[in-house]
Every structure is written in C-alpha cells, then in structure tokens.
Amino acid sequence: SQGSIISFTGTAFEQTKVSVGEKENGVYPLLWQTGDAISIWSEDSVSSVDDEGNQVFSGNIAGEQAQLYSGDAGKHSGVFQTNNPLSVTEDENIVLLYPASSLSYSEGKVTGTVPAKQEQRKENSSIHIGNYAISYAKTQLKAGQTEGVEFSLSQKTAFVKLTLTTSEYASLNLVGAK
C-alpha cells in the first residue's frame, strides 16, 4: 500500500498496567517491555463475517500494528512505529489498543481474550501484574502525518470476573482479590 511508516509516542498512565518494575523509593514503576506493540483502528471500524466464517474488519485502519522502538524498553514513555506504511488523506480519529496481539475494535467496542494460564514470573515479585490488562487511547491522525502522534493509554479493566461453568475446575481452590 502507498503511504509512510508512522511513529506514535505513547505514555502509560499510572493506572495503566504495562509492566510493573521492581519497587523503587516506595513506588512500582510502569514500564514498556521489549516486544510491546499497539494496534491501531479507525474509530469507525466495523467487523463482519465472510462466507467462510472468518471475522473481517473494515475501516481506513483496521488492526495495523506498531512495535515499540527497542531503545524505549524499560521506560515509561515509548515510540512505536507501524509495521506497514499507512496513509490517510483526511484527518482520522483512531483508537490505539494494548496489547495489540489479543484485542480488536469494532463499532465502539474493544474485544479481547485472556490466556488460560497466567503465572507470576518470580516469587514475591509484582512484575507479572498487568501482562493481560486492556488499555486504550483515542487520538487523531492528521492527513499526511508521519510522526508526533501522541497518546496516553488508560486502563479500562482492573479486575475481570470469570465464571467457570465446567466441572473441570471443581477441584481447584481459586482465590481472587479481596
């Protein structure tokens, strides 16, 4: 496709769980990690199902991914660059989602999945917190803009209630946040 690679600069708000670092001066820093990516969607994106039963998204920008610049891993603010060239001929209201790999956007709704197996990375560490958080931001991509697109993610889920309706997990003693 015609267009340019676009750079986005993103900041994780305090409430956004990106990666929680080790406690420093009584505070757990929230940091971007190597491999982090955001997905970019036109605010008017719509999903449908094709003849083969596959979900198809439409909109000027539908799920384009942008990877974190490697030099920004471990920092609170980071630059993300699109994997493919993009071009908008008119100003476009966009939605940015994190993490890119498990979320989609259609008709004003964010849809995602949570991995079945979630583990703490190491004992007595909070670094694992936020690996499965859902965060999003809205901003505008100006026609012809290739850099300086800024956004600040905000977390829209703190806890997700899972209702298990199978006897497969009956023997487990699951304890949640209190």
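All values reported here derive from a predicted model rather than from experimental measurement. (Residues numbered from 1 in each chain as written. Predicted model: local features only at pLDDT ≥ 70, side-chain atom pairs only at ≥ 80, totals over all residues. Heavy atoms only, no water.)

## Notes on the pattern of salt bridges
If charged atoms from side chains of opposite charge come close, those side chains can pair. Cut-off, in case you're wondering: Salt bridges are counted wherever a side-chain nitrogen of Lys or Arg sits within 4 Å of a carboxyl oxygen of Asp or Glu. Helix and strand labels come from DSSP, where a helix needs a run of H or I of at least four residues and a strand needs a run of E of at least two; each type is numbered from the N terminus.
In total, this model carries 3 salt bridges according to the counting rule given. The closest approach of N and O atoms between D72 and K75, which form a salt bridge, is 3.6 Å. When the shortest N-O distance is used, the salt bridge between K142 and D91 registers 3.8 Å. You can see K142 sitting in the loop between strand 10 (135-141) and strand 11 (149-155) and its partner D91 sitting in the loop between strand 6 (77-82) and strand 7 (92-98), a full 51 residues away along the chain.

## Topic: the nonpolar core
Put simply, the rule reads: The criterion is simple. A nonpolar core is a set of buried Ala, Val, Leu, Ile, Met, Phe, Trp, Tyr and Cys residues joined through side-chain atoms within 4.5 Å. Each residue's exposure class comes from its accessible area (1.4 Å probe, protein chains only) as a fraction of the maximum for that residue type: buried when under 20%, exposed when over 50%, partly exposed otherwise. By definition, residues are in contact when any of their heavy atoms lie within 4.5 Å.
Counting 18 residues, the largest nonpolar core has F8, I38, F80, L96 and F151 as its most contacted members. For F8, the residues in contact, after removing those within four places along its chain, are I38, I40, G78, V79, F80, T82, I94, L96, V149 and F151. W41, L97, L103 and Y105 belong to the second largest nonpolar core, which has 5 residues in total.

## With respect to the pairing of strand 9 (residues 109-112)
The condition is simple: Criterion used throughout: strands pair if DSSP finds at least two bridges between them.
Judged from the 4 bridges that link them, strand 8 (residues 103-106) and strand 9 form a sheet pairing that is antiparallel. Bridge pairing links S106 to K109 in strand 9. Hairpin connection of strand 8 to strand 9: 2 residues between the antiparallel strands, including E107 at a positive phi of 50 degrees.

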